[in-house]
Amino acid sequence: MAGLSCGIVGLPNVGKSTLFNALTSNRAPASNYPFCTIDPNIGVVEVLDPRLEVLAKISKSGRIIYALTEFVDIAGLVEGASKGEGLGNAFLSHIRETDAIIHVVRCFEDPDVIHVKGRINPIQDIEIINLELILSDLATCESALGKVEKLAKLKHEGLAQVELLKKVRAHLDKTWPLRTLELTAEEEELFKGYPFLTRKKVLYAANVAEEFLPNMENEYVAQVRVWAEKEGNSVIPICAKLEEEIAQIKPEERKEFLQSLGLEESGLQRLIKASFKMLGLITFLTTGELETRAWTIRRGMNAQAAAGKIHSDIEHGFIRAEVVTYDDFVHLGGRVHAREAGRARSEGRDYIVHDGDIILFYHSS
């Protein structure tokens, strides 16, 4: 099971399926026609982390298991999707199942690739999808409000939910996404039960042509940056065509290829890193002769909860966690030497795990 699930969205012909093909080994059909992607294609991608290779050598591990990210290529969206136009209803239901949205925005000119609106206008493209998601949330809100108001009249309870949903409706009526709505701690708790789409965080993938490598900046990307800044979201410029080329190259040759283009890493890895950061995710590490492995958790999670990511029995029987920082582990040459140097700390259940912590959990059976 992937540690992070990202839905790839965007209007038809913005490069979604091309990007998905590059991200995963699953092949989504890339075609010059709207609605060529009907069912969501799902691919699970390894989050490449050079720290694992270093640890595996020290521990003489039999295998390396990277953290995983799931990408879902969701059917193209058109105006009217919130009312069921095109493949709208399926599109919206698939977004609900993801942790975050990667919104691919077309920032390239190509007369051979039809634009659904006839011209390149990234802000208009963003507004079309945002509006459809807002309208869907408005319908969800109206339906929920009707039920809660009825219950409040009959049983005189749920008044706080009624007020919250009215606040949500007023915000959506202004065509503002719910991720910009400020809520109290109490409202946040009440809010958790509702499947609103515009509460999800968005990472804009500005898709540029190869001519803009290596900087990947142009007037369209600049427009998307201004928009994203107002929303409090991030922008990652990518070249989907290049990513597809990279995917065809042997892994050991990719670094040299990227460097020849003046790039440090692929757009895939930049997207994954930005997605992790956006959602407050980190990885802790385990290493030994059997395997070296990365585990994805939320930033701020304590040691006992982190142990549960490995197995629920370890969480329930938690005794303590032996923690060594990555730098100490590498510098001292392993856990045994770290212990001898007094750099292996014994931590209790409430210890807050940090990114890159190498942990050995002790637990009762």
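Above: the structure in question.
Let me begin by describing the structure that accompanies this report. (Residues numbered from 1 in each chain as written. Predicted model: local features only at pLDDT ≥ 70, side-chain atom pairs only at ≥ 80, totals over all residues. Heavy atoms only, no water.)

### Section: the overall build of the chain
Part 1 of the argument: Each helix and strand counted, the chain has 14 helices and twelve strands in total.
Part 2 of the argument: Split into buried and exposed, the 365 residues of the chain put 51% on the buried side.
Part 3 of the argument: A separation threshold of at least 6 residues defines the contact pool for the chain, and within that pool the share at least 24 residues apart is 68%.
Part 4 of the argument: When the accessible area of the chain is evaluated, it comes to approximately 18300 Å², of which 51% is carbon and sulfur surface. (Helix = DSSP H or I, 4+ residues; strand = E, 2+ residues; numbered from the N terminus. Buried < 20%, exposed > 50% of the residue type's maximum accessible area, 1.4 Å probe, protein only. Contact = heavy atoms within 4.5 Å. Areas by Shrake-Rupley, 256 points an atom, 1.4 Å probe, with all protein chains shown as cover.)

### Describing the packing of aromatic side chains
Part 1 of the argument: Summed over the entire model, instances satisfying the criterion amount to five aromatic pairs.
Part 2 of the argument: When the centroid spacing of 6.0 Å and the interplanar angle of 85° are considered together, the rings of Phe284 and Phe361 count as edge-to-face. On the criterion of sequence distance, the pair formed by Phe284 in strand β8 (residues 281-287) and Phe361 in strand β12 (residues 358-363) is long-range, its members being 77 residues apart. The exposure classification of Phe284 matches that of Phe361, with both residues buried.
Part 3 of the argument: One aromatic cluster is present, built from ring pairs that chain together Phe284, Trp295, Phe318 and Phe361.
Part 4 of the argument: The lysine or arginine in question, Arg199, covers the ring of Phe191, its NZ or CZ lying 5.0 Å from the ring centre. (Phe/Tyr/Trp six-rings, centres within 6.5 Å; stacked < 30°, edge-to-face > 60°. Lys NZ or Arg CZ within 6 Å of the ring centre and 35° of its normal.)

### Examining the nonpolar core
Part 1 of the argument: Grouped together as the largest cluster of nonpolar side chains are 70 residues, with contacts concentrated most on Phe71, Cys107, Tyr204 and Leu271.
Part 2 of the argument: It is helix α10 (residues 267-278) that provides the largest number of residues to this core, a total of six residues.
Part 3 of the argument: Setting aside chain neighbours within four positions, we find Cys107 in contact with Pro122, Ala206, Asn207, Val208, Asn218, Tyr220, Val221 and Val224.
Part 4 of the argument: Of all hydrophobic cores here, the second largest spans 18 residues; its members include Ala144, Leu145, Val168 and Leu183. (Core = buried A, V, L, I, M, F, W, Y, C linked by side-chain atoms within 4.5 Å.)

### What about helix α2 (residues 50-59)?
Part 1 of the argument: Among all positions in α2, only Arg51, Leu52, Leu55, Ala56 and Ser59 are buried. An end-on view of α2 places all buried positions within 135° of arc, on one side of the element. Of the exposed residues in α2, those oriented more than 90 degrees away from the buried face are Pro50 and Lys57.
Part 2 of the argument: Looking at the buried positions of α2, the neighbouring elements they touch are β3 (64-65), β8, β9 (292-298), α13 (326-332) and β12.
Part 3 of the argument: A positive phi of about 55° marks Lys60, the residue just after α2. (Arc of directions from axis to C-beta.)

### Description of the sheet that holds strand β7 (residues 234-238)
Part 1 of the argument: Taken in spatial order, the six strands line up as β2-β4-β1-β5-β6-β7 in an open sheet, and their pairing is mixed. Two strands in the sheet have a free side with no partner beyond their single neighbour: β2 (41-47) and β7. The sheet shows a mean angle of 25° between the axes of neighbouring strands, taken without regard to direction.
Part 2 of the argument: Two elements, β2 and strand β4 (residues 67-73), share seven bridges in a ladder whose sense is antiparallel. Paired with Ile42 across the bridge in β4 is Val72.
Part 3 of the argument: In the packing of helix α1 (residues 16-23) onto the sheet, contacts are made with β1 (4-9), β2, β4, β5 (100-106) and β7, and the angle to β4 comes to roughly 155°. (Pairing = 2+ DSSP bridges. Axes fitted to C-alpha atoms, helices over the stretch in contact; angles between N-to-C directions.)

### Some details on the packing of helix α4 (residues 122-155) against helix α5 (residues 159-173)
Part 1 of the argument: Taken N-terminus to C-terminus, the directions of α4 and α5 make an angle of 155°; their axes are 9 Å apart at the nearest point. The angle between the axes of α4 and α5 places the two elements in the roughly antiparallel class. Note that α4 runs across α5; the crossing there is left-handed. Facing Ile134, Asp137, Leu138, Cys141, Glu142, Ala144, Leu145, Val148, Glu149 and Ala152 of α4, the residues of α5 in contact are Leu159, Gln161, Val162, Leu165, Lys166, Val168, Arg169, Leu172 and Asp173. (Parallel < 35°, antiparallel > 145°, perpendicular 65-115°, else oblique. Left-handed = near helix turned anticlockwise from the far one by under 90°.)

### Details of the pattern of salt bridges
Part 1 of the argument: This structure, assessed with the given rule, holds 16 salt bridges.
Part 2 of the argument: Two residues, Asp73 and Lys16, come together in a salt bridge whose shortest N-O distance is 3.4 Å. Residue Asp73 is found in strand β4, and its partner Lys16 is found in helix α1; the two are separated by 57 residues along the sequence. Of the two residues, Asp73 and Lys16, both sit in the buried class.
Part 3 of the argument: Through salt bridges that share partners, Asp49, Arg51 and Asp355 make up one connected network. (Salt bridge = Lys/Arg side-chain N within 4 Å of Asp/Glu carboxyl O.)

### Looking at the packing of helix α8 (residues 240-248) against helix α9 (residues 251-260)
Part 1 of the argument: Contact pair α8 / α9: the axes reach a minimum separation of 9 Å and the direction vectors enclose 145°. Of α9, the residues touching α8 (which contributes Leu242, Glu245, Ile246 and Ala247) are Arg254, Phe257 and Leu258.
Part 2 of the argument: In the contact of α8 with α9, the residues fall into five nonpolar, no polar and two charged. (Nonpolar A, V, L, I, M, F, W, Y, C, P; charged D, E, K, R; others polar.)

### Quick word on α1
Part 1 of the argument: With eight of eight residues buried, α1 is to be regarded as a mostly interior element.
Part 2 of the argument: The complete set of buried residues in α1 reads Lys16, Ser17, Thr18, Leu19, Phe20, Asn21, Ala22 and Leu23.

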